[in-house]
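Observations on chain architecture
Here's the letter readout for the chains.
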Amino acid sequence: MYEALIEGTSKIITIDTFKRRYGEKSLENGLKLVCPACKSELHTYALVSLKREPRFHHHPNTSCVYTDGKNNYLAAPNSWDIENGKRIRTALEDKEFISKLYCFCLKLCMSGNLPVDKFIGLVKKADKRNLWSHAGFEEWVIGFLLLVLDDFEGTTREKQKYIFRFSLQKGINRLDESFTKPNSKIEIEDIMEREGYFLAKVFDSGDIMQYPEGNPYPVSRINWQRFSKDYDWTFNNHGAKLVQKIKEFK
Ligand SMILES: [Zn+2]
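Residues numbered from 1 in each chain as written. Predicted model: local features only at pLDDT ≥ 70, side-chain atom pairs only at ≥ 80, totals over all residues.

Details of the overall build of the protein chain
Along its length, the protein chain carries 10 helices and 9 strands. For 250 residues, the compact-globule estimate of 2.2 N^0.38 gives 18 Å, and the C-alpha radius of gyration of the protein chain, at 20 Å, lies within 12% of that figure. Overall, the C-alpha framework of the protein chain stretches about 65 × 40 × 30 Å when taken along its three principal axes. Of all 250 residues assigned to the protein chain, the portion counted as buried reaches 29%. Taking the contacts inside the protein chain whose residues are at least 6 apart along the sequence as the reference set, 67% of them involve residues at least 24 apart. (Helix = DSSP H or I, 4+ residues; strand = E, 2+ residues; numbered from the N terminus. Rg over C-alpha atoms; globule rule 2.2 N^0.38 Å. Buried ≥ 20, exposed ≤ 12 C-beta atoms within 10 Å, placed from the backbone. Contact = placed C-beta atoms within 7 Å.)

Things to note about the sheet that holds strand E7 (residues 161-170)
Overall, antiparallel pairing links the 4 strands, which are arranged E6-E7-E8-E9 in an open sheet. Because the sheet does not close on itself, it has two edges, and the strands there are strand E6 (152-155) and strand E9 (217-218). Sheet topology note: the E6/E7 ladder contains 4 bridges and is antiparallel. The residue bridging glycine 154 from the neighbouring strand is tyrosine 162, located in E7. (Pairing = 2+ DSSP bridges.)

Comments concerning the sheet that holds strand E1 (residues 3-6)
Taken in spatial order, the 3 strands of this open sheet run E2-E1-E3, and their pairing is antiparallel. What marks the edges here is a single partner per strand, and that holds for strand E2 (12-14) and strand E3 (33-34). Across 3 bridges, E1 lies against E2 in antiparallel orientation. Opposite glutamate 3, over in E2, you have threonine 14 as the bridge partner.

Quick look at helix H9 (residues 221-228)
Note that an α-helix has 3.6 residues per turn; residues three or four places apart therefore point the same way. Among all positions of H9, only Trp224, Phe227 and Ser228 are buried. Across the axial projection of H9, the buried residues extend over an arc of 95°, all falling on one side. H9 presents Ile222 and Gln225 as exposed residues on the side facing more than 90 degrees away from its buried surface. Those residues of H9 that are buried lie in contact with helix H5 (95-109) and helix H7 (142-146). (Arc of directions from axis to C-beta.)

Thoughts on the packing of H5 against H9
Packing of H5 against H9 leaves a shortest axis separation of 7 Å and a crossing angle of 90°. For the element pair H5 / H9, the angle class is roughly perpendicular. Contact residues: Lys100, Leu101, Cys103, Phe104, Lys107 and Leu108 in H5; Trp224, Phe227 and Ser228 in H9. The class makeup of the residues in the contact of H5 with H9 is 6 nonpolar, 1 polar and 2 charged. (Axes fitted to C-alpha atoms, helices over the stretch in contact; angles between N-to-C directions. Parallel < 35°, antiparallel > 145°, perpendicular 65-115°, else oblique. Nonpolar A, V, L, I, M, F, W, Y, C, P; charged D, E, K, R; others polar.)

Remember that the coordinates give geometry; whether it matters functionally is a separate question.
Structure representation (structure tokens):
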């Protein structure tokens, strides 16, 4: 990693700053650097190497979504913003906002396919990544990202179970295997900065699903508004419970 968090603070330092201003000695003198996502201790790598680029590394056997996520195709942040992340994580405790977010995910999964606990599980997964602290992160994109963090189970009218999932794609030129296996990591910073990303809803086979209409869905503020605007039902029926659950594991 290029950046690390100074433990006990919201301060991010880059490996260059560390090299220039702190140095290896500072670690012996009590400075502790941790991963902004999993909070485990980091050590420096190749700090004085002429051939390798200096980096912060996790210790071996550390479990972190950014180092051991196998089907993990959301890239680690290029840059962190811990304070903004805290602000956004706190915004999830707002009854109106969390109800909108649940409404958004429910509309895309379709009613019956996303129980409250499953939705909360997505937020927990996002917490593990500290998704909120990607520099430049904005509220409207959260729903699109939550949906790619897990697979879902649906039931047909004939009571048959099936698996479906969402996949983020840059462009929609290749409506084929690219929906099951994105060939490069998606950078959240890139999604925030430019248009042209799509969220595709697919069966386990990779075949594109029909409903709700408009699949694959452009990742945009307009679609965030489209799928979150009728949140009265989630607000009235689940709002209080959502807030309570979100606060519970913060
Ligand atoms: Zn980590």
